[in-house]
Amino acid sequence: MKNLYTFLLVVFTSLSMMAAISPTEKEALVKLNKATAGENWTNKWDLNSDVSTWYGVTIEGDKVVALNLSDNNLVGELSGSIVDLVNLKELDLHKNHISGTIPSELSKLKDLNVLNLSFNKLSGSIPASICELVNLKDIELYMNRLSGELPAKIGALKNLEKLVLFNNEIEGQIPSSLYEISTLKTLLLNSNKFSGKLSPEMAKLTKLENLSLFENNMDGQVPFELEKLNNLKEMNISYNKFNGLVSRKLALLDVLNMTMINDKGVAVLLDFTMDSERPLVSEE
């Protein structure tokens, strides 16, 4: 009798864990599958099987909380219906062949912590509505074809720890609001078309560990305030048009020792010149 009771308890628990998600969420997953050539995915879904068996879908209770389909040969565009996964905390579609634009409707995913659409073929601007996702900790959109400017209100993402946008065609200045994200640890904006000056306000990013602005069009003086970033472990701001004097400490921290592009388009390595009070680097 005791064994029968144990068996029934296990069965009941298993069934509870496989509680069906809402028809709306299931339909959103099916639409994603069809819009991205699901029949050609590396890890395919059997649409006739329980959703809990579908590759990359994480369910808690009766809600889809994570979708990880990285490197799974998704081809096509993201439709706005993905926002019907209203409980989603993680969306990871890294390294696929997704084209089109980033849906502005993503702003409806209020619980989203991780957004990774990197290494795809996305184009257009980063929608301003992404700044409404105040629970985001990780944004990775690198290796796409994104253009336009970084949203002016990016600083509204007060919990953001990682912003990785390298290898796109994003232009304009770094929004001043970005310097208000005190939680930021990783900021990789290299290989874009950013221009303008780097603000001394960068010193507010006290938790920053990794900074890369490599290969952009930024100019002006490199702020000495960068020295205040005591947690900074990696930095590469070379191959911009920065000029003037730079402290020895910053020059040594930079991966390429502050190699800049001068007004003739020539790469110039900044040389150390010893000062009695402060070691400096000057452009020859």
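Keep in mind it's a predicted model, so treat the numbers as computed, not measured. (Residues numbered from 1 in each chain as written. Predicted model: local features only at pLDDT ≥ 70, side-chain atom pairs only at ≥ 80, totals over all residues. Heavy atoms only, no water.)

Let's shift gears to the sheet that holds strand β17 (residues 241-243). Across the sheet, four strands lie side by side as β11-β13-β15-β17; this open sheet has parallel pairing. Of all strands in the sheet, those bounded by a partner on one side alone are β11 (171-172) and β17. As paired strands, strand β15 (residues 217-221) and β17 are joined by three bridges and run parallel to one another. Looking across to β17, one finds that Asp 219 is bridged to Lys 241. (Pairing = 2+ DSSP bridges. Helix = DSSP H or I, 4+ residues; strand = E, 2+ residues; numbered from the N terminus.)

Turning our attention to unusual backbone geometry. The phi dihedral of Asp 71 falls on the positive side, at around 50°, and the residue is not glycine. Of the residues examined, Asp 71 reaches a relative accessible area of 47% and is grouped as partly exposed. Notably, Tyr 239 is not glycine yet its phi reads approximately 55°, a positive angle. By relative accessible area, which is 32% here, Tyr 239 ends up partly exposed. (Buried < 20%, exposed > 50% of the residue type's maximum accessible area, 1.4 Å probe, protein only.)

Alignment of strand β1 (residues 57-60) against strand β2 (residues 63-68), held across four bridges, turns out to be antiparallel. Looking at β2, one finds that Glu 60 is bridged to Lys 63. Connecting β1 to the next strand, β2, in antiparallel fashion are two residues, including Gly 61 with a positive phi near 65°. Pairing geometry for β2 and strand β4 (residues 90-92), over three bridges, is parallel.

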